[in-house]
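Chain by chain, the residues run as shown.
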Number of protein chains: 2
Amino acid sequence: MRIILRWIYIIIFMISGIPHPDLLGMPTLKEPLLDKLKSYLANKEHDIIREFNEFLSIPNVSSDRANIDRNAEFIKVMMEKRGLRASIIETDGNPVVYGEWNAPNATQTLAFYAHYDGQPVEPSLWIDHQPFQPVLRPGKLEANSDFPKPIRFPPSGCRLNEDWRIYARSSSDDKASIMALLAAIDFIRESGWALKNNLKFIFEGEEEAGSANLPAFLEKNKNLLKSDILFLCDGPAYYDGTPILFFGVRGILSLEITVFGAAVNLHSGHYGNWAPNPAMKLVHLLASMKDDQGKITINGFYDTAVPLTDSENQALRNIPVFDEMLKEVFAINGLESQGLTLKEAIQLPSFNVNGLRCGWTGDQARTIIPSSATASIDIRLVKGNDPDYFVEKVKEHIQNQGFHVIEEDPSFDLRMRYPQIVKLTRKEKGYKAQRTPMDHPLCRRVIQNLAKYLETDPVVFPSLGGSLPIHVFSDTLAIPTIGVSFVNYDNNQHQANENICIGNLWKGMEMFSALMMMEY
Amino acid sequence: MRIILRWIYIIIFMISGIPHPDLLGMPTLKEPLLDKLKSYLANKEHDIIREFNEFLSIPNVSSDRANIDRNAEFIKVMMEKRGLRASIIETDGNPVVYGEWNAPNATQTLAFYAHYDGQPVEPSLWIDHQPFQPVLRPGKLEANSDFPKPIRFPPSGCRLNEDWRIYARSSSDDKASIMALLAAIDFIRESGWALKNNLKFIFEGEEEAGSANLPAFLEKNKNLLKSDILFLCDGPAYYDGTPILFFGVRGILSLEITVFGAAVNLHSGHYGNWAPNPAMKLVHLLASMKDDQGKITINGFYDTAVPLTDSENQALRNIPVFDEMLKEVFAINGLESQGLTLKEAIQLPSFNVNGLRCGWTGDQARTIIPSSATASIDIRLVKGNDPDYFVEKVKEHIQNQGFHVIEEDPSFDLRMRYPQIVKLTRKEKGYKAQRTPMDHPLCRRVIQNLAKYLETDPVVFPSLGGSLPIHVFSDTLAIPTIGVSFVNYDNNQHQANENICIGNLWKGMEMFSALMMMEY
């Protein structure tokens, strides 16, 4: 029946004189899409990069509202130039830029999310240029060096090398996604393909500031945003440069543990051996939480995780392993994962001490018994783990080690009442993990069909190790969410000298064109 | 025979018309010395305080050579005014001010050591005045307050209250000792007592900078400094205000332990559970060095200590216990000493973590796996403990925990070769403890005779908990050394708002007059 309908359409197109996309060579194999993109870029790459540079030149730190508004306006114009219906939607924080492209015969509606704000910048750490002054380098800036030096963007006649990099804040995170999405629309239009899906674009302006207003925005605009699937476009490609599709992320919970000693730092000579040392109490406490084999020993930590499904396990097995390369890159020999590969290790909850602070070290060290010792901890959660439950488990564990647990600095009376006191604070509320079922029919089709169009199959992760509040989309819009990541993994995201390989921007266009065009 | 000689001297004095000190009431009981001092101060206290203020007004940070020289010159003049033979002796660092007062019939030569340099200052932390602008407060500056406010130094007619405090850098540490020593000479002279001992004064100018040139100075001037006993004048009185005589101090050794993870901080989401976390490795390592009962578990740590002698044990038993008061002062309930009192606990070697540094905490915390974690440690040594041996024991312990131990940051090759790497550095060479035998005849006489002159018996410590390189004096001059401490224990030594109770300065004078005058 569908085949008959398709031919009817084709015949109508033939009669109308407008060539039907299928007749124009709608790609069904990998080569054609890539070939078409390559010849498209031969003419258009300079236009894309010029527009991208203009976009990157607008400062986009979340707290800089005036420039955030300039970014929003710029994106709206970018959308309108391409014939999208675009609007700037105010929230209690920074605005969301929303755009739509409706296809006449669409059967599915696809939503694409990205963010246009960037991390704060420390200009003094940027080498050879300011963070919002994009420059081109003929390769990767070497660590502790200012080589290679920026080169001029070449004139239109000269081709751009795919390994060259554009350095600027948000060149990867996450203006690259917005640029690749909108450039994909131009490519699709110029290629003459008929769009088979309605497209909705949600570009947030405060992701790097914590997305505080995103849940309310989604809730309020539920109808406007109604879609069949949402693609969350952010993050780096795999280590070999292959784009990633990810179906989940870990949740996160940040805690701080402070052990108290005397009310003031004491002289370690006068009071050493006698006064309690909170640094020693803290190390014993932390050592009791995770053994020296990397196993978390807090009661209940592994109990509530939902095991991976067969499809998820199968996907996990298919992911290539780069552990040996990474060990070289990071210069490490021993691992904490005790036999698990990286891709396997990140499917489990983690307990990570990310900071210790107590007294002084180095030149500043002084011979004191410090009055307190603090550890900053992040806990990564997997599907099934409830943040509140985990806080409770940590608290119980600390109590079982003989500490009185409080949430504020202890009063004198409290200090005199309890021999051992810990302040346990939850630094952010935290949020749960998200894992979209890979068996969902739309998800299966994404994986299967995408492979037909792309040069290389994307790497498919049941869950990444990092955390994003993707559950907000799934919970509010009640649709499957899939992450799409394509920028070079060594992009210095969140740091100075952020960059993108030009070739990765083209990979994003390839990926997004396929996702927008293909049948679901 | 001695009695006959004495009467001959007295008769000579009677003939000469000059009153002999014994006839003038040379004190043999406690009351007279104190009474005499009190009536002396009624006339002279303002002169002493004026001179002291002038002395405190000269900045004395060890690194400020121009002002160090002004201090040295000032002290030389102070000595010369009192008829001492004084000189400034250059060293490879700051000069030593040396002075002598020789008694015609002296049988003993007493040396007194103090230092005229002070700790660095942070003027912004000083309340109501600059550190080298002495002010008077009618009581103790309360914590986190600027009460009580400074008052004017009263005119000569009004008496100074003993509880009033002078606030200035080095008001306690250690210009107080120099002032009290030189004021004691005036007091002795004005009281008309005949001095029975030769006096030598050694005032160092770089104690707070580590006394790097003191050993060479002592060695070079061995003959000049030849004495029978040396009093080291520094440090606070006991908690109840009673001056302290101490016969020993602990030695010290400062180490730093750094555990390495990856060469860079890693994203705790992407690599958590997989990459090694040096913070966790450090806490397990430190926890293995000292158990949660406060017992050091490094092999050999308690083996080489020389036990206290009977006299030392007896002295220890005589020391009053203020542990309950201190627990209130410091707002602590549980102790590390597991049943030992403070005075007992400090007779043992200690292992103290004085600093931890790794990643970030608080508002700065970020979700990383830190690339390294550092602990700063001080080890206090008791008599018999060799610093080199202890470094070796710590190193062995770390190796036994499976770490490769190095002294510099690891190269890439080293990182790739060893799964666990610790950098162990010795921050200063450190030095051994010193314990002058209390059974030495001169020491016994100091204890016995001093009690006759003072209002209150001093508290006698076989060893204090703190560390001073006193062994340098004992080793070079080969004489017994005894420490004398009289400033209020809450003097904010080494901190902002350093101060001295005026009454403690008088206690110093009382103590020093007795030490200078008495028979040995």
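First things first, this report covers the structure right here in the doc. If you're wondering where the values come from, they're calculated on a predicted model, not measured in any experiment. All residue numbers refer to position in the chain's written sequence, counted from 1. Each chain takes a letter, starting from A, and each ligand takes a number, starting from 1, following the order in which they are written. Selection of residues for local features in this predicted model requires a pLDDT of at least 70, selection of side-chain atom pairs for listing and counting requires 80 or more, and totals for whole chains, interfaces and linings are taken over all residues. Side-chain descriptors were evaluated using all non-hydrogen atoms of the structure, hydrogens and water having been removed beforehand.

### Digging into the environment of Ile88(A)
Residue and element names in this part refer to chain A.
At step 1: Per the convention used, a helix needs a DSSP run of H or I reaching at least four residues, while a strand needs a run of E reaching at least two, with both numbered from the N terminus. Position of Ile88 relative to the elements: it lies in strand S1 (residues 85–89).
At step 2: C-alpha of Ile88 to C-alpha of Ala72: the two residues are 16 residues apart in sequence and 6.9 Å apart in space.
At step 3: Aside from chain neighbours lying at most four places away, what touches Ile88 is Ala72, Glu73, Lys76, Pro95 and Val96. In this analysis, two residues are considered to be in contact whenever any of their non-hydrogen atoms come within 4.5 Å of each other.

### Side note on the relation of the copies chain B and chain A
At step 1: The transform that puts chain B on chain A rotates by 180° and translates by 0.2 Å along the axis, for an RMSD of 0.2 Å. Considering both components of the superposition, the chain copies are consistent with a two-fold axis. No C-alpha of chain B lies nearer the rotation axis than that of Val283(B), which sits 2.3 Å from it. Least squares is the method for superposing the copies, and the C-alpha atoms it fits come from residues with pLDDT of at least 70 in both.

### Notes on the packing of helix H3 (residues 65–81) of chain B against helix H4 (residues 175–191) of chain B
All names here are of chain B.
At step 1: Note on geometry: axes are lines fitted to C-alpha atoms, helical ones only across the stretch in contact, with angles between N-to-C directions running from 0 to 180 degrees. At a minimum axis separation of 11 Å, H3 and H4 run at an interaxial angle of 15°. Between H3 and H4, the angle is such that the two are roughly parallel. Crossing angle aside, the handedness with which H3 passes H4 is left-handed. Across the interface between the two elements, Asn71, Ile75, Met78 and Met79 from H3 touch Lys175, Ile178, Met179 and Leu182 from H4.
At step 2: Its residues placed into classes, the contact of H3 with H4 shows six nonpolar, one polar and one charged. Orientation labels follow simple angle bins: below 35 degrees gives roughly parallel, above 145 gives roughly antiparallel, 65 to 115 gives roughly perpendicular, and whatever is left gives oblique. By definition, any crossing whose near helix is turned counterclockwise from its far helix by less than a right angle is left-handed, and any crossing with a clockwise turn is right-handed. Throughout, the ten residues Ala, Val, Leu, Ile, Met, Phe, Trp, Tyr, Cys and Pro are labelled nonpolar, Asp, Glu, Lys and Arg are labelled charged, and all others, Gly among them, are labelled polar.

### Examining empty space enclosed by the protein
At step 1: Residues are said to line a cavity or pocket when one of their atoms sits within 4 Å of a point; the points come from a 1 Å grid over protein atoms alone, cavities being sets where a 1.4 Å probe fits but cannot get out and pockets being open sets with protein on both sides within 12 Å along at least five of seven lines. Grid points are joined across faces, edges and corners, and a volume is the space filled by probe spheres set on the points. The tally for this structure, following the rule as stated, stands at eleven cavities of 30 Å³ or more.
At step 2: Taken together, Ala331(A), Ile332(A), Asn333(A), Gly334(A), Phe260(B), Gly261(B), Pro276(B), Arg415(B), Tyr418(B), Pro419(B), Gln420(B) and Ile421(B) make up the full set of residues lining the largest cavity.
At step 3: Of the residues assigned to the lining of the largest cavity, the class counts are seven nonpolar, four polar and one charged.

### Some details on helix H3 (residues 65–81) of chain A
All names here are of chain A.
At step 1: In this model, H3 (17 residues) spans 24 Å end to end at C-alpha, consistent with the 24 Å of a helix rising 1.5 Å per residue.
At step 2: Exposure categories follow from relative accessible area, calculated using a 1.4 Å probe and restricted to protein chains: below 20% of the type maximum is buried, above 50% is exposed, and the middle band is partly exposed. Asn67, Ile68, Asn71, Ala72, Phe74, Ile75, Met78 and Met79 are the residues of H3 that are buried. What you see down the axis of H3 is that its buried residues fit within an arc of 160°, all on one side. Among the exposed residues of H3, those oriented more than 90 degrees off its buried face are Ala66 and Lys81.
At step 3: Phi for Gly83, located one or two positions after H3, is positive at around 80°. Here the expected length of a helix is defined as 1.5 Å per residue gap, with one fewer gap than residues. For this quantity, the arc is that covered by the directions from the helix axis to the C-beta atoms.

### Observations concerning the pattern of salt bridges
At step 1: Each salt bridge in this description consists of a side-chain nitrogen of Lys or Arg and a carboxyl oxygen of Asp or Glu lying within 4 Å of one another. Scanning the model with the defined rule gives 56 salt bridges over all chains in all.
At step 2: In this structure, the salt-bridge partner of Asp146(A) is Lys149(A), at a minimum N-O distance of 3.0 Å.
At step 3: Note on Asp146(A): relative accessible area 36%, which makes it partly exposed.
At step 4: Where Lys393(B) meets Glu396(B), a salt bridge forms, and the shortest distance between an N and an O atom there is 3.4 Å. Separated by three residues within a single helix, Lys393(B) and Glu396(B) lie in helix H11 (residues 387–400), roughly one turn from each other.

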